[in-house]
Each structure stands twice: as C-alpha cells, then as structure tokens.
Amino acid sequence: METATQTVTKETTMKTERMTGAEAVIRCLLAEGVDLIYGYPGGAIMPVYDELFKYEDQLTHILTRHEQGATHAAQGYARTSGKVGVAMATSGPGATNLVTGIADAQIDSTPMVCITGQVASHLLGSDAFQETDIVGISTPVTKWNHQVTKAADIPEVFAKAFYIARSGRPGPVLIDITKDAQFEEFDFSYEPCKGIRSYKATPPTEPKSLEDAADLINAAKKPLIVFGQGVILGEAEEEFTALIEKAGIPAAWTILGLSALPTSHPLNVGMVGMHGNYAPNKLTNECDLLIAVGMRFDDRVTGNLDTYAKQAKVIHFEIDPAEVDKNVMSDVAVMGNVKHTLAKILPLINKNDHQAWLQQFNDLMEIEYDKVIKNELYPEKEGLSMGEVLRGINEETKGDAVIVSDVGQHQMIACRYAAFSKSKSNVTSGGLGTMGFALPAAIGAKMGAPERDVIAIIGDGGYQMTIQELGTIFQNNTAVKIVVLNNEFLGMVRQWQQLFFEKRYASTEMTNPDFITIARGYHIPAKRVTKREELKEAIKEMMTTEGAYFLEVCVEKENNVFPMIPTGASVSDVRLS
Amino acid sequence: MEKENYTISVYTENNIGLLNRISAIFLKRRINLDSFTASVSEIKDVFRFTIVVSVTEEQVRKIITQIEKQIEVIKAFYHRDDETIYQETALFKISSKLLFEERQIQNVIKESNAQIVTVTPEFFVLEKTGRRYEVEALYDKLEPYGLMQFVRSGRIAVTKEKMHISKILETFTIEEVN
C-alpha cells in the first residue's frame, strides 16, 4: 500500500471473502469488537449504511440528531466503557460537524474512530457536491487520519486506526472513504494491527528514572501528588492508591483525574486549578516535591508558570514524551504507562506518613469550608445554589452515579462537589471546554455503562447547543437523567464580566424557552424546581423513575464559583471571594 | 534564550498528508520556516524532511517532541549550523546577450565558482551551489544586469555525527512485534 504507514505484520495465510468496501467497513468494526456506533447518514456514506441494515443484529447504530452529537456520544461511551467510541458521518457538512467532537477527544485523550464518506475519487479536488477536505481539516485535531480511495486498503487502515486510537496516549482517528471505494469489490481478510514501524505507543521506562524518583519521594518532607486522567486511561487506580497510601502523600486531581480516587479517601485533597480547592492550590507553592501522575500541566491547572511550584522538585510520570518539560520542567521524568511505572516504583518507596504536612491541608480546607463550601452546599439565602443540587444528588446516589457535566459554572460546581466512589464516573469536556458536550455524551456514557445511573448536569446555555439530542434519548429509550441548572445566564462568562469587565453583561443573559414543554414534547417526564423544599423529593423522583427524566432547577441568577485563580495569576493567589 | 538557526531532520514513512501534519506544528506556534525540503533518504522507503528555522533551543526541543509524536515519524533531530554540512542550490536564467556583451559578467561567473548548465541563443542558465550568503552574494552581483528568472532551493544538510536511523528503526520493530 503506497499511502499508509508500514505495519508490522506476521506472515500468515488468511482466508479471504469477496465483498464490497462498504461491507468490509462493517466487518472491520465487528473484528475490532465494536457493537455500537453513533452517526448520521448521507449521500457519500450510503453504501456503508446500506450494509449496516444487513448487519443490524450484530452492530447497533444510534442515529443522533446532529453529527456533533455522534462524536460526543462516542466520547461518552469511550469514557465509561474504556473501549473505542465510533462515530460515522457523510462527506462535507456531515464531516465538518464532527470536528468539534474530534478536537475535544484529541485534547482529552479519548479513544475514538470517526468514519466519513467522501465523494468518488475521480471527483476529489473538483469542489464536487458535499466535498470537503476533511483529512486536511482534521489533521491538527486527530492522532492520525487517512483517506481510503481503494477498497483493498480498508482492512489495513481500520486495523491501524483502532490500534492507534487505543494505544499509548489514546486519541481520535479519522478514516475518510471515497464512495467508489465503498462500492468496489475485493477479497477481504482481516488481521488486527500489532504494531507500526514508526510508532512507539509507550516509551520505554528507564530503570534509573524510577530509582531517582523513589529517592526524591523518600527524601521529601512535603510531597504533593497531582494526578490526571492518565491514571484512569492506564487503569492504574489500584497502583496509584497503593503508592499514595504507602508513602502517605496528599493527592490532588485535575478535572479529568476526578474519580480515579474515591472522593472520601483521606488522602484526596481536592481539585487543583482555576476553580480548584484552596488547600492544594495554596500548597502547590509550598510543597518540596510535586509529583505529576498522568497529567499535562494545563494552563488552567498551573496559572502563571513563572510562579508555579518554583520551590519544588518535580517528578513527572507520563506516557507522552511531548508532554514532558512542555510547560513545567521536571527533575525526573518517568516515562511509560502509569499502571506499570507506579507498580515498579512501589517497592522502592519507604512507608511514610506526613501528618504535619497533611494537617496544613486540613487547616486550609476548614477555611475554604467556612468561607465557600458551607454557603454553597447549605445556603441560607433564598435562591437555590448549584452546590445544594449536587449535594442532593450525592445524598440520593451515594456517589455511585456517573456524572456528565457540560461546560460553565455548573461544570465547576459538579466537579467540585459531586461525590465519586468508583473510577470512570466523571465525564466532562476538560481541555476544549465544549458547551453542548453533556447531553450527547450522557447518551454515550449510559450506553457504555448501562448498569450505572448516569446524570447529566447542564447549564441552560450548553443545553440549548445540543438540545436536539433529546430526540436520540426518546427514540432509544436511553435512561439518562438530565439536570439543567437554569440561571438564565451564560453564568461563567457573566462571572468574568462581573469580576473583570465592570459588570458589563454583554450578551450573556438568556431568555429561555419552557424546557419542561420541550422535554415532554420528546415524551420525557419532566419537573421544574424553584423552591428549596421541593428539591430533595424531585431528585428522588428523578432517580426512581424508570427511563429518562428531565429536571430543571431554577438556581440563583448571579452566583459566582469560588475559589478562583484569575487568569495569569499564581496558584497561591487563589481567591475565596 | 536567543534565537538561532536550527536544521531539523525528520525521518518518516512516505505518507500523503504528513507534510500537512508537520507544517501544522509550526503553523500552530506561528513559527516561520526558513526552508523546507523533502527527499528520499539513505534508507529504502524512508523519507526525510530538512527544515530550517530560527528559534530558541527550548522552542526547537519542544517542536522535535511534537514532530516525533506523529505516527509516521520515525525520528527527528535538530542541529546547529556548525554541526552540519549544508548547501543550497540556485539557478539564474540570464539573457545570452549579456554573456557575450558584458565582459564583467564573465568575471563574476568565474570568481563565483558557478556552473553554466545550458546555453541557448536567448538565455543561459547558471547554477550555484553553496551556503546562503554565497548564493546571495552572486545574486547581488548579477541582479544589476537583469535576471530573467531566479530560483533557490531549500537547505539540504548532512550531519557531522552519525544518526543511526537503521538501528532506531530496528528498535521500533522489535518492540512492537514482541
């Protein structure tokens, strides 16, 4: 094959079957263990859809109401199931509508394979109807992408796509298939990809780096761990917990690391970053050792890099070499999958406890509780707070639910206050901050973990960006619980306007429709809560109702999320009000 | 950190679209490319991009890791000018009349070590290979006489040290098969 990366394959004699490229697409998906895909048909992908009809007992297709919904649903599915999410669309606008979800998956390391139809190969480059250069468009936001113009290339390209999407640091891959390649017949056989010549999925771990890291950990008086999604993606929750418990190190999470460690764990000291907790942010600039585990020092986490943890030695456990020393210089970089590196370092770590150091966290947590948390969870003023809604959900679900949050104030509240007892429970758009993410992602999250309760926490702004996916929920009878925290504002932007733009609320106030009528229009039971005394019962009703449920909670219009680190400020300049 | 010239060598699979991926890495960081050359390499089926940029060492180090992150990239290196042997080639198309009527132009050609590639009744073509400043010096001397066409290639470079790409390729293959 002249256009794809060289694959490492073994010489094998494989049985072949004559079929079209379109049928081969389905057979490749089945060979990769895919039984569920999200998508939207159209002219250039119709041959594949036609074959889907034949295979519908083996491969379920969920028709979303917009291609963006398909990608977010595939992301949600991947995040709760740990499998690769698959989304499919036609050429042109179908393909471009996937881009937001692909970009979101890229920055949040979500394994996803997107399939797009393309105009026939003889029309490529002619500005044909619904032609767009989706390979060119998606290049900066995919881990890999490839255009197929010959049916015979389909098996190898699909095998590679799944291998690349799920291996190493996961990410989205796009395969664009011309219509003639879908019709063309060839002798199909399939062999999973075992390796690619130029691609080292997981970098080797230098034994010396483990020893150096262990020495620093054993010598540290005030160590702090910041863990990210690498712990979840590497399925390293057990190894991670063993390490922090043996070494007695306080552990703080990034937004995507959330749920890797149970909320109630005594060494869980909360979230770092812009709306993170007071203690871990303040003490980042006091620790003598900062241990980053599967996280990438995003600017929302670090604030001003010139003042970030300058006093500390830094150890970085990381799978992606491009993340090491990108934002924060490390003293020791331990490369590899954290499941393996944490297991290997554990025997080298001395048993320890840092009681005096932990007490510093507890002292600051008390300050934050008095000044922020108490008022948010147990407000005395009249308006409902977002935090008390989360408290109500925690009380009802006991921390066992999957919480899918959209983007905005409610996201920060959900991530700060939702309680989690198990991993893969927090699904949110971290790096890209995509409004409209939560409703379709919740559909995928529920299908990826059907045995679990899935609750989407959404603001009135983001809800209306993908509100049409209520149709997908209705059609598929997907039992997601939707909670819209309605403050009739684009709340986070309004908060910034209040704090940094002299309260000039430019285009942030929303006149909303009757959300209850809309939900009922899709045959989803719905309730609106405006008073505190109605809240507990409404949440109970939502959770005990079989199937989907829509709950609108009218919350205080102008409330702010604190603590907060203003953009460009130091993490230790975290504000409590 | 001060900016300086770096020659980046990228060994890759031969894939459509890779050029886009690599150039996008520079585009995203708003780094102008001084030159970009693609060619075959000493290894069968392995291609090589030679890119020249003026950046800080910290920038070039981060760019290298981003380039190596691309699936089809086998290995990327960066070198300072004194660590490489590098050349560029330029072609000058000049009216044949000048060659015969302007005695001085003949001296310029002789002194510059340029080669005459072809001569026709209308024009002749001069080829000059060398470092950028040598090509520019010749350009400055010829330009006043009038140039019908001028074109210059990107930099091509080999390093003074060995790069062991074949050995690196073996480690990739061995790791994945096992």
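These numbers were taken from a predicted model, which means no experiment stands behind them.

What follows deals with the overall build of chain A. When its secondary structure is counted, chain A shows 23 helices and 20 strands. Computed over its C-alpha atoms, the radius of gyration of chain A comes to 24 Å, within 12% of the 25 Å expected for a compact globule of 577 residues. When its C-alpha atoms are laid out on the principal axes, chain A stretches across 70 × 65 × 40 Å. Out of the 577 residues in chain A, the part that is buried amounts to 62%.

When helices and strands are counted, chain B shows 6 helices and 9 strands. The C-alpha extent of chain B, read off along each of the three principal axes, is 70 × 40 × 30 Å. For chain B, the proportion of its 178 residues judged to be buried stands at 42%. A separation of at least 24 residues holds for 76% of the contacts in chain B among residues at least 6 apart in sequence. Working note: accessible area of chain B is about 10,000 Å², and carbon and sulfur atoms make up 50% of it. Charge centroids of chain B, computed over 25 positive and 27 negative side chains, lie 2 Å from each other.

What follows deals with empty space enclosed by the protein. The full count for this structure, using the stated rule, is 2 cavities of 30 Å³ or more. In this structure, the largest cavity spans a volume of roughly 60 Å³. As for the largest cavity, its lining consists of Glu376(A), Met386(A), Gln409(A), Ile413(A), Asn487(A), Glu556(A), Asn559(A), Asn560(A) and Val561(A). Classifying every residue of the lining of the largest cavity gives 3 nonpolar, 4 polar and 2 charged. When its volume is computed, the second largest cavity comes out at roughly 40 Å³. Lining the second largest cavity are Ala322(A), Val324(A), Asp325(A), Lys326(A), Arg61(B), Lys62(B) and Thr65(B). Here the lining of the second largest cavity is composed, by residue class, of 2 nonpolar, 1 polar and 4 charged.

On to the sheet that holds strand S16 (residues 426-428) of chain A. Residue and element names in this part refer to chain A. Reading across from one edge, S16-S15-S17-S18-S20-S19 is the order of the 6 strands in this open sheet, with parallel pairing throughout. Looking at strand neighbours, the two that pair on one side only are S16 and strand S19 (526-529), the edges of this open sheet. Averaged over all pairs of adjacent strands, the angle between strand axes in this sheet comes to 15 degrees, irrespective of strand direction. Both S19 and strand S20 (residues 549-554) contribute to a ladder of 4 bridges, which runs parallel.

Let us now look at the environment of Arg155(B). Residue and element names in this part refer to chain B. Turning to its location among the elements, Arg155 is positioned in the loop between strand S8 (149-152) and strand S9 (156-159). For the pair formed by Arg155 and Gly130, sequence separation is 25 residues and the distance between their alpha carbons is 9.6 Å. Setting aside residues up to four positions removed in sequence, Arg155 forms contacts with Asn5, Thr7, Ser35, Thr37, Thr50, Val52, Asp81, Tyr86, Gln87 and Glu88. One polar contact links Arg155 to Thr7, side chain to side chain, over a distance of 2.8 Å.

Once that is clear, we can look at the side chain of Ser405(A). All names here are of chain A. Here Ser405 shows up in strand S15 (residues 402-405). Overall, Ser405 belongs to the buried group, its relative accessible area being 0%. Within the structure, the side chain of Ser405 is placed 2.8 Å from the side chain of Thr428, a separation counted as a polar contact. Ignoring anything within four residues of it in the chain, the contact list for Ser405 reads Gln411, Ala414, Cys415, Val427, Thr428, Ser429, Phe437, Ala438 and Ile457.

Tallied over the entire structure, the rule returns 38 salt bridges over all chains. Here Arg197(A) ties to Glu13(B) by a salt bridge, and the two come within 2.8 Å at their closest N and O atoms. Taken together, the residues Arg197(A) in the loop between strand S8 (185-188) and helix H9 (207-219) and Glu13(B) in strand S1 (residues 4-13) connect one chain to another. For Arg197(A), a relative accessible area of 13% translates into the label buried. For Glu502(A), the salt bridge goes to Arg504(A), with nearest N and O atoms at 2.8 Å. Looking at Glu502(A), the relative accessible area reads 65%, which means it is exposed. Connected through salt bridges with shared partners, the residues Arg169(A), Asp320(A), Glu323(A), Lys326(A) and Lys69(B) form a single ionic network.

Quick look at the interface of chain A and chain B now. Listed by partner, the interface residues are 31 residues for chain A and 24 residues for chain B. Both sides of the chain A and chain B interface together cover about 2,300 Å² of buried area, and 49% of this is carbon and sulfur. Three residues, Arg197(A), Ser198(A) and Lys200(A), lead the burial of chain A against chain B; their summed loss comes to 28% of the area buried on that side. Counting across the chain A and chain B interface gives 2 salt bridges. Between Asp320(A) and Lys69(B) there is a salt bridge, and its shortest N-O distance comes to 2.7 Å. If you look at where chain A meets chain B, you find 8 residue pairs in polar contact (both at pLDDT 80 or more). Taken together, the elements giving at least two residues each to the side of chain A that touches chain B come down to strand S6 (144-148) and helix H7 (154-166) of chain A. Looking at the side of chain A that touches chain B, its residues break down into 11 nonpolar, 10 polar and 10 charged.

Here we come to a nonpolar patch on the surface. Residues and elements named next belong to chain B. Together, Leu91, Val117 and Val151 make up an exposed nonpolar region whose accessible area comes to about 240 Å². Here Val117 shows up in strand S6 (residues 115-119). Looking at Val117, the relative accessible area reads 52%, which means it is exposed.

So, on to the packing of aromatic side chains. Any pair of aromatic rings gets described here by the distance separating the centres and the angle formed by the planes. Residue and element names in this part refer to chain A. The final tally for this structure, using the stated rule, is 17 aromatic pairs over all chains. Between Phe186 and Phe188, the ring centres sit 6.2 Å apart and the planes meet at 80 degrees, which makes this aromatic pair edge-to-face. Aromatic pair Phe489 and Tyr505: ring centres 5.7 Å apart, planes at 75 degrees, arrangement edge-to-face. Here Phe489, found in the loop between strand S18 (480-486) and helix H21 (491-500), pairs with Tyr505, found in the loop between H21 and helix H22 (515-521); they are 16 residues apart in sequence, far enough to count as distant. Among the residues examined, Phe489 registers a relative accessible area of 4% and is labelled buried.

Residues and elements named next belong to chain B. In the contact formed by helix H4 (residues 103-112) and helix H5 (residues 132-142), the axes pass within 10 Å of each other and the chain directions differ by 175 degrees. Taken as axis vectors, H4 and H5 run roughly antiparallel relative to one another. Along its contact with H4, which presents Ile105, Val108 and Ser112, the element H5 presents Leu138, Lys141 and Leu142. Of the residues assigned to the contact of H4 with H5, the class counts are 4 nonpolar, 1 polar and 1 charged.

As a further point, take the domain arrangement of chain B. Considered domain by domain, chain B is made up of domain 1 (4-84) and domain 2 (86-152). Here domain 1 of chain B and domain 2 of chain B have C-alpha centroids that lie 31 Å from each other.

The next point concerns the sheet that holds strand S10 (residues 251-253) of chain A. Residues and elements named next belong to chain A. One open sheet holds the 6 strands; their spatial order is S11-S10-S9-S12-S13-S14, and the pairing between them is parallel. The open sheet has two edge strands, strand S11 (268-271) and strand S14 (332-335), and neither has a second partner. Recorded for the sheet is a direction-independent mean angle of 20 degrees between the axes of neighbouring strands. Sheet analysis places strand S9 (residues 223-227) next to S10, joined by 3 bridges and oriented parallel. Looking at S10, one finds that Ile225 is bridged to Ala251.

Quick notes on the rules
- Residues numbered from 1 in each chain as written.
- Chains lettered and ligands numbered in written order.
- Predicted model: local features only at pLDDT ≥ 70, side-chain atom pairs only at ≥ 80, totals over all residues.
- Heavy atoms only, no water.
- Helix = DSSP H or I, 4+ residues; strand = E, 2+ residues; numbered from the N terminus.
- Rg over C-alpha atoms; globule rule 2.2 N^0.38 Å.
- Buried < 20%, exposed > 50% of the residue type's maximum accessible area, 1.4 Å probe, protein only.
- Contact = heavy atoms within 4.5 Å.
- Areas by Shrake-Rupley, 256 points an atom, 1.4 Å probe, with all protein chains shown as cover.
- Lys, Arg positive; Asp, Glu negative; His and termini not counted.
- Charge placed at Lys NZ, Arg CZ, Asp CG, Glu CD.
- 1 Å grid on protein atoms, 1.4 Å probe; cavity = no way out; pocket = protein on both sides within 12 Å on 5 of 7 lines; lining within 4 Å.
- Points joined across faces, edges and corners; volume = space filled by probe spheres on them.
- Nonpolar A, V, L, I, M, F, W, Y, C, P; charged D, E, K, R; others polar.
- Pairing = 2+ DSSP bridges.
- Axes fitted to C-alpha atoms, helices over the stretch in contact; angles between N-to-C directions.
- Polar contact = N/O pair within 3.5 Å; in protein donor to acceptor, adjacent residues only side chain to side chain.
- Salt bridge = Lys/Arg side-chain N within 4 Å of Asp/Glu carboxyl O.
- Buried area = accessible area lost by both parts, 1.4 Å probe.
- Patch = residues over 30% accessible without salt bridge, like charges linked within 9 Å, V, L, I, M, F, W, Y side chains within 5 Å.
- Phe/Tyr/Trp six-rings, centres within 6.5 Å; stacked < 30°, edge-to-face > 60°.
- Parallel < 35°, antiparallel > 145°, perpendicular 65-115°, else oblique.
- Domains from an automatic or database assignment.

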